Amino acid sequence: MTGMYRKVGVETSVNTASPHQLIKLLLDGFFDAIASARGAIRAKDIELKSKAFNRAIGIVDEGLKASLDMQVGGELAANLSNLYAYISLRLTQANLRNDETILDECVTLMTPVREAWIAIADQADHTPARGGLEIRA
């Protein structure tokens, strides 16, 4: 039952979230998936490890990278795209090698992105609404 309540909570969060909040949810999901992957490596749970790595890579490729607007975001979007491609590669390597040090590297690289996004989202939440203005990297 707990899993069902959690799923409903996540779906409700996604359905009511602003674009900034959606990216924050993706970043939170990424860090959660990394923690699950680390636990699965330690427990030698191959099935859970596979699911956790697939989730983390999916969040990076299909969520974060896919949300970039390369036309509007310019150099920042290009740099984030390159970072996300590198993270996906390193996660694949970590999965193949059961290497927690690569997970540490990915967390180290993504932490400033998460912190910056939280700061941007906090500012956006306190800024008066402007007609049709959307911030995308």
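For clarity, every value in this text was computed on a predicted model and none was experimentally measured.

Glancing now at the environment of I87. For I87, the location among the structural elements is in helix α4 (residues 70-97). Sequence-distant contacts of I87, that is, excluding residues within four places in its chain, are made with F30, V60, C106, L109 and M110.

Quick look at the nonpolar core now. Core analysis: the largest hydrophobic core is formed by 28 residues, its most contacted members being F30, Y84, I87, L91, L103 and M110. Listing elements by their share of this core, those giving two or more residues are α2 (19-43), α3 (46-65), α4 and α5 (100-125). The dominant element in this core, judged by the number of residues it contributes, is α2, at eight residues. Non-local contacts of F30, meaning those with residues more than four positions away in its chain, are made with A56, I59, V60, I87, L91, C106 and M110.

The next point concerns unusual backbone geometry. Residues other than glycine predominantly adopt negative phi, and peptide bonds predominantly adopt the trans conformation. Even without being a glycine, K44 presents a positive backbone phi close to 60°. Residue K44 is classed as exposed on the basis of its relative accessible area, which comes to 72%. A positive phi angle is found at N98, which is not glycine, with a value near 50°. Its location among the elements puts N98 in the loop between α4 and α5. Its relative accessible area of 42% is what places N98 among the partly exposed residues.

Before going further, it helps to spend a moment on a nonpolar patch on the surface. Taken together, the side chains of Y86, L89 and L109 make up a nonpolar region of the molecular surface, amounting to roughly 240 Å² of accessible area. With respect to the element layout, L109 can be found in helix α5.

Running from N to C, α2 and α3 point in directions that differ by 155°, and their axes come no closer than 8 Å. Taken together, the axes of α2 and α3 lie roughly antiparallel to each other. For the pair α2 and α3, the crossing hand works out as left-handed. Where α2 approaches α3, its residues I23, L26, L27, G29, F30, D32, A33, I34, S36, A37, A40 and I41 are matched on the opposing element by L48, K49, A52, F53, R55, A56, I59, V60, G63 and L64. When grouped by side-chain class, the residues that make up the contact of α2 with α3 number 16 nonpolar, three polar and three charged.

Moving on, we get to the side chain of S81. Its location among the elements puts S81 in helix α4. When residues no more than four places from it in sequence are discounted, the contact partners of S81 are K65, L68 and M70.

With that settled, the discussion passes to α4. With 28 residues, α4 ought to run about 40 Å at 1.5 Å a step, yet its terminal C-alpha atoms sit only 33 Å apart, falling short of that. For α4, the principal kink sits at L76 and spans about 75°. At the N-terminal end of α4, a side-chain oxygen is found 3.1 Å from the backbone nitrogen of Q71, two or three residues along, and the residue is D69. Phi turns positive one or two residues past the end of α4, at N98, with a value near 50°.

The rules behind these values
All residue numbers refer to position in the chain's written sequence, counted from 1. With pLDDT at 70 or above as the cut-off, local features in this predicted model cover only qualifying residues; side-chain atom pairs require 80 or more to be listed or tallied, and sums for whole chains, interfaces and linings still use all residues. Heavy atoms throughout the structure, all of them, feed into the side-chain values; hydrogens and water do not. A run of DSSP states H or I qualifies as a helix once it reaches four residues; a run of E qualifies as a strand once it reaches two. Both are numbered from the N-terminal end. Throughout, a contact is declared for two residues whenever any of their heavy atoms are within 4.5 Å. The nonpolar core is taken to be a set of buried Ala, Val, Leu, Ile, Met, Phe, Trp, Tyr and Cys residues, with the residues joined through side-chain atoms within 4.5 Å. Burial here depends on accessible area, computed with a 1.4 Å probe over protein chains only, as a share of the maximum for the residue type. Under 20% is buried, over 50% is exposed, and the range in between is partly exposed. For patches, a residue must show more than 30% relative accessible area and have no salt bridge; joins then use 9 Å for like charges and 5 Å for nonpolar side chains, namely Val, Leu, Ile, Met, Phe, Trp and Tyr. Per-residue and other accessible areas were derived by the Shrake-Rupley procedure at a 1.4 Å probe size, with only the shown protein chains allowed to occlude residues. In what follows, salt bridge is the name for a side-chain nitrogen of Lys or Arg lying within 4 Å of a carboxyl oxygen of Asp or Glu. Lines fitted to the C-alpha atoms define the axes, with helices restricted to the stretch that makes contact. Angles between their N-to-C directions range from 0 to 180 degrees. If an angle is under 35 degrees, it is roughly parallel; if it is over 145, roughly antiparallel; if it lies from 65 to 115, roughly perpendicular; otherwise it is oblique. Helix crossings fall into two classes, left-handed where the near helix is turned counterclockwise from the far one by less than a right angle and right-handed where it is turned clockwise. Note on residue categories: nonpolar means Ala, Val, Leu, Ile, Met, Phe, Trp, Tyr, Cys or Pro, charged means Asp, Glu, Lys or Arg, and polar means any other residue, Gly included. In this analysis, the expected span of each helix is defined as 1.5 Å times one less than the number of residues it contains. Note on bend: the value at a residue is the angle between axes fitted to the seven residues ending there and to the seven starting there. Polar contacts, as counted here, are pairs of nitrogen or oxygen atoms within 3.5 Å of one another; within protein the pair requires one atom able to donate a hydrogen and one able to accept it, and residues that are adjacent in sequence qualify only if both atoms are side-chain atoms.

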